[in-house]
Structures are given as C-alpha cells and as structure tokens.
Amino acid sequence: MIRIEKATKKFMGATVLDSVSVTFLPGDKVALMGPNGAGKTTLVRSVLGFYRLDGGEIEVFGNSPYQKRTAVLERIAFIPQTPPPIKLSVKELCEYISKSSGVEVERIAAEADRMDLDLKGNGDKPFFKLSGGMKQKLLIAIALSRKSDIFIFDEPTANLDPKARERFYALLKELNPESIAVYITHRIEELGDLVNRTVYMDLGKITEDRRIA
Amino acid sequence: MKNLFLVAKLDIKESLRSRWFLVYLTVFGGMMALFFVTGITDSVVMGFTGLSRLLLIYMQVTVVILPIFILITTVKSISQDRESAILEYMLSFPVSLFDYYWGKMAGRFFIVFFPVVLALVLGVAWGALKGGELPWSMLLIYSALLFAMCAVFLGIAFFISTLVKSHDVALGASFVVWITLLAFIDIALIGLMLQNRFDDEIIISIALLNPMEVFRVGAVALFDPELTVMGPVAYFLLDSFGRTNLLVYAFVYPVVLGIFFAWAGYWYFSRKDLL
C-alpha cells in the first residue's frame, strides 16, 4: 500500500505538491493524469525517495522512502518516461539489476524475448546506442521481470511502435491482480480496461479521484 | 557492501571505454614517452640528472595537469548523471545511497590513480634499465604523494558534483578551484610577500593549506633535500618542520582533506533532493 498524507513540496518557492493526500491499495491500477506541471512526476519521484517533502509524509507498505530506502525500492519497479543515456553495456546493466535486485538475468532475457527484443544479441552494445524502441523494450522487460508489488510507469509507451505497444498492454494484463500499478499518462483511452481507477492532478492538487467499475 | 563493489566495478568498466580515460592515459603515458624521446633522463638541468630529473619534470607537470583532469572528469560523475536522468533510473533499484556514492568514488579513484602510478613505474623502470639505481623508497613515497593528491581532488570533485545540480556550473566551479589553488603556489605567494601586505605566518599558513603546494613541496623534498629549486616559502617550510615531518604532512593532510570533502559530499547527497 502507498499512503500519501498531506504531501507538500516546493521548488524555489513554487508549490509543486500542495498538501496531496491519496492512498493506493493492493489491486489498484491507477491512471495518474493531468496537464504538464500538475505535479504527477514530482509525486511519483517522492514515492521513490528522490525528493524530500517540505510537509506531510509518504509510506510504502509502512516504510518511509527516505528512512527505509532500499526496503521500499525492493518492492517497486519503475519505468521512466525517457530512457536515460546509460553508458553501460546491456549486459552490464542487466548485471547491475540482477545483483542489486535479485532478479536472474535469464528472467530479464525471457521478458525481453516476449517484447521481441534479443537481449543476448545486443548484450555488448552500450545501452545508449540502442534505438529508442529497443531501449524502452528493455526497460519494460526489466520492470516486468522484477515481479514487484508496485509498478510505476511514466508514459511507458512513448517510444514504442503500435505493435510493441499492443504487446506491452497484453503483458500488463498478466500483472499480479494484487499488485499496485500507477501509469502516468495523457492517453487514458490506450489503457482501456487496464485501469480501475483514475486520478487527476492540477496545480499540485488532486482534483478528481474516481474508481472505474 | 556487495552493491558498493558492484557500482565500483561497473564504473571502472564504463570509464575504461570512455574517451576521457583514453585522453587521460595518453597524456600521462605520452608524457613519459616524450621525456624519454627528448632525452630528459640523460640531460643535466639545474644540477639534476637521470631519474631525478625525470621525476622532477614529471612532478612539475603532474601538479598542474592531474588536479584539473581529476576535477573535470569527476564532477561529471554525479551532476551529469543527475541531469541526464541516469541517476533517477539507477537509484530506482534497491541500492543504498552509501553503496552508490562510495562505489562511484572507489571506482573513480582506481581509474584516476592507476594510470598515473603506471606511468611513474614505467618511467622508473626505464631509467633503471638505462643504468640508473632503482630508488625504491623514492618511488614508494612519491606514489603515496600521488595517492594523497588523487584523494584530495577526488574528494573536492565529488563534493562539487553533489552540491551543484547543473553540469555546466559544476565544471565552472571545478575550474575556479583549480585556478585558485594554482595561483596560490609559490609564484603568487612570492608576489604577496614582495608587496608586504601579509605577515609571513599568513603566507606560510596559506601554503600549508593548499594541497597543490603541499604536494609540490613534498615531491621536490624527495630528491632535493634543500628545496633549492623552489621558492622561499618551500624553503621556509623545510627549515621550520624538517624533511620527515614535511613528507608525513604532505601525505596525511591531503588525504584527510579529501576524506572530509568526500564525506561532506555524501552528507549532502544523502540528505537533500537527489534530482
């Protein structure tokens, strides 16, 4: 469970999160929406422990993302909006994830295979030299291989072609029903029946929180 | 701790492939090659011959090049990762901030220290092959001084890297640190003394606080016990402290200062916003 209580965050005097309170329960598949600058990414980054709140608190399964950082991150799989230009080779990146998160490289390779990505054939290539679509597929394969309790996807299909997008959505249907999935998106129609809850943010506040039957 | 070694190992692998490392290796390897080709080991300049001459030149070049190389290449380590969202992704896995920061530091230390010492060892080996006596104690102490120099500038670089969020500002800050410390080695100090604006004690204190000056004095004291080739401040230091104390200080002070800055950087890294 993710419990966010009166979370407030300011950057250079500007309030980006304005006393946000929301709870995501096991089984929640949430579309987090809102215009640019609404505070969606800041909220997610705070859950991941990247930002220190100016007020309020966040708990992930009872742990603070700041004080029990690794315990929290063991339960979260995250896909950023844009694949970062990591200079490690694909093999080295998989080693980093395998050893730090306890995921077998074979499992990542199997998930990559399901995304039509040949992991072994690209193992020696630097990650940043892969095409945009291949990078995104690898990040998806890594996230899905972790079998986490919480999945956070920040516009995960931005670099995917229609076929890969369909495949990704098909894989998402296999997520553990008890897991929490938070999708930051501008295209709710694409998520279709993948979500059972929509949360709208604007100007750092939650303006609408609706469950879909 | 396993993640610390993992981060260090991957940082070393990544650095070994990078262009900056190739340039770094070429500069120090090429510098030694240049000294051999130009016959510096055989020449007699200001009373120094053979190996001593080689080491003296190597030290003079190292004191200028090494700090700026370490600063510029290392400040990228965290600030650029932060800017390009690499940090966001790599730290979304269950790796503690302690393991990530100190793993990066350990990897970068190896990458920076190894080529410098390798060039030094090659130089000494070449000199020995040409008939010179192998100065083991000098090589050992000189390596220790290089270790201390790498430690202090890596510490400062990591401190800047965590403190400054923009890569460009981090580069600018590292350049300011380098040029300031460089300005305050003997040339600037003599100027200050000549103008009589400061007491001798202040000038000596500045010299003792400047890790670049401390390295320079310590390195030259190895093969010029009277420090005749250096300025009056170095001569005064030798006279006041003695050679052994000066050498111990030249090793301990930069290491302690480097650890201080590195810890200050870690303190900031682990308590402030990561992105």
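Calculation notes
- Residues numbered from 1 in each chain as written.
- Chains lettered and ligands numbered in written order.
- Predicted model: local features only at pLDDT ≥ 70, side-chain atom pairs only at ≥ 80, totals over all residues.
- Heavy atoms only, no water.
- Helix = DSSP H or I, 4+ residues; strand = E, 2+ residues; numbered from the N terminus.
- Buried < 20%, exposed > 50% of the residue type's maximum accessible area, 1.4 Å probe, protein only.
- 1 Å grid on protein atoms, 1.4 Å probe; cavity = no way out; pocket = protein on both sides within 12 Å on 5 of 7 lines; lining within 4 Å.
- Points joined across faces, edges and corners; volume = space filled by probe spheres on them.
- Nonpolar A, V, L, I, M, F, W, Y, C, P; charged D, E, K, R; others polar.
- Phe/Tyr/Trp six-rings, centres within 6.5 Å; stacked < 30°, edge-to-face > 60°.
- Patch = residues over 30% accessible without salt bridge, like charges linked within 9 Å, V, L, I, M, F, W, Y side chains within 5 Å.
- Areas by Shrake-Rupley, 256 points an atom, 1.4 Å probe, with all protein chains shown as cover.
- Salt bridge = Lys/Arg side-chain N within 4 Å of Asp/Glu carboxyl O.
- Core = buried A, V, L, I, M, F, W, Y, C linked by side-chain atoms within 4.5 Å.
- Contact = heavy atoms within 4.5 Å.
- Axes fitted to C-alpha atoms, helices over the stretch in contact; angles between N-to-C directions.
- Left-handed = near helix turned anticlockwise from the far one by under 90°.

A.B. asks: I tried to follow unusual backbone geometry on my own but got confused; where do I start?
C.D. replies: Backbone geometry follows two general trends: most residues other than glycine have a negative phi, and most peptide bonds adopt the trans configuration. One non-glycine residue, A:Lys6, lies in the positive phi region at around 50°. Inspection of the secondary structure assignment puts A:Lys6 in strand β1 (residues 2–11). Overall, A:Lys6 belongs to the exposed group, its relative accessible area being 52%. At B:Ala85, a residue that is not glycine, the phi angle is positive and equals roughly 70°. Relative to the elements of secondary structure, B:Ala85 occurs in the loop between α3 (50–83) and α4 (86–90).

A.B. asks: Would you take a moment to explain the layout of surface pockets for this structure?
C.D. replies: Gaps left between atoms are located by rolling a probe of water-molecule size over the structure's atoms. For the largest pocket, the calculated volume is near 490 Å³. In terms of lining residues, the largest pocket is bounded by 19 residues, among which A:Lys87, B:Glu14, B:Ser18, B:Arg19 and B:Trp20 are the most central. When residues of the lining of the largest pocket are traced back to their parent elements, those giving at least two are α1 (2–17), α2 (19–37), α3 and α5 (97–129) of chain B. The greatest single-element share of the lining of the largest pocket, amounting to five residues, is contributed by α3(B). Residues of the lining of the largest pocket, tallied by class, amount to four nonpolar, five polar and ten charged. Approximately 210 Å³ is the volume attributed to the second largest pocket. For the lining of the second largest pocket, the secondary-structure elements that each account for two or more residues are α5, α6 (136–163) and α12 (243–271) of chain B. Split into classes, the residues belonging to the lining of the second largest pocket amount to eleven nonpolar, two polar and no charged.

A.B. asks: Honestly, the packing of aromatic side chains in this entry has me stumped. Any pointers?
C.D. replies: What describes a pair of aromatic rings is the distance from one ring centre to the other and the angle between the planes of the rings. Tallied over the entire structure, the rule returns 30 aromatic pairs over all chains. Relative to A:Phe168, the ring of A:Phe153 has its centre 5.8 Å away and its plane inclined at 85°; by these criteria the two rings are edge-to-face. Here the residue A:Phe153 occupies a position in strand β6 (residues 150–154), and A:Phe168 occupies one in helix α6 (residues 162–172), the gap between them amounting to 15 residues. Residue class for A:Phe168 comes out buried when judged on its relative accessible area of 0%. Where B:Phe21 meets B:Tyr24, the ring centres are 6.5 Å apart and the plane angle is 45°; that geometry is what we call tilted. Here the residue B:Phe21 and the residue B:Tyr24 both occupy positions in helix α2, the gap between them amounting to three residues, near one helical turn. The exposure class of B:Phe21 is buried, given its relative accessible area of 7%. Looking at B:Tyr24, the relative accessible area reads 1%, which means it is buried. These aromatic residues form a ring-pair network of at least three members: B:Phe98, B:Tyr101, B:Trp102, B:Phe158, B:Trp263, B:Tyr266 and B:Phe269.

A.B. asks: Honestly, a nonpolar patch on the surface in this entry has me stumped. Any pointers?
C.D. replies: Side chains of B:Met1, B:Phe5, B:Phe98, B:Ile259 and B:Trp263 sit close together on the surface and give an oily, nonpolar patch of about 560 Å² of accessible area. Within the secondary structure, B:Phe5 sits in helix α1.

A.B. asks: Would you mind showing me how to read the nonpolar core here?
C.D. replies: Across soluble globular proteins, nonpolar side chains have a tendency to be buried as a group. Counting residues in each nonpolar core, the largest one holds 153 residues, and the members touching the most others are A:Ile4, A:Tyr96, A:Leu138 and B:Tyr58. Broken down by element, this core gets its largest block of residues, 15 residues, from α6(B). Contacts of A:Tyr96, omitting those with residues within four sequence positions, involve B:Leu6, B:Val7, B:Leu10, B:Met90, B:Phe93, B:Val95 and B:Tyr100. Listed in part, the eight residues of the second largest apolar core include B:Ala207, B:Leu237, B:Leu238 and B:Leu246.

A.B. asks: Where do I start with the packing of helix α10 (residues 211–223) of chain B against α12(B) in this structure?
C.D. replies: Relative orientation and spacing of two packed helices are given, respectively, by the angle between their axes and the distance between those axes. All names here are of chain B. As a packed pair, α10 and α12 sit with axes 9 Å apart at the nearest point and diverge in direction by 145°. The way α10 lies across α12 gives a crossing that is left-handed. The segment α10 lies against α12, with Pro211, Val214, Val217, Gly218, Ala221 and Leu222 engaging Arg243, Leu246, Leu247, Tyr249, Ala250, Tyr253, Pro254 and Leu257. Its residues placed into classes, the contact of α10 with α12 shows twelve nonpolar, one polar and one charged.

A.B. asks: It is not clear to me how the pattern of salt bridges should be interpreted in this structure. Could you clarify?
C.D. replies: Once their charged atoms are close, side chains differing in charge can pair, the charge on each being opposite to the other. Using the criterion set out here, one finds 24 salt bridges over all chains in the structure. Here A:Glu95 makes a salt bridge to B:Lys9, at a shortest N to O gap of 2.5 Å. Of this pair, A:Glu95 sits in helix α3 (residues 90–101) while B:Lys9 sits in helix α1, placing the two residues on different chains. Here A:Asp116 ties to A:Arg167 by a salt bridge, and the two come within 3.4 Å at their closest N and O atoms. Here the residue A:Asp116 occupies a position in the loop between α4 (105–114) and α5 (132–145), and A:Arg167 occupies one in helix α6, the gap between them amounting to 51 residues. A:Arg167 sits in the partly exposed class, given a relative accessible area of 32%. A single network of salt bridges, built from pairs that share partners, joins A:Arg3, A:Glu5, A:Glu57 and A:Glu59.

Everything listed is a geometric property; what it means functionally is a separate question.
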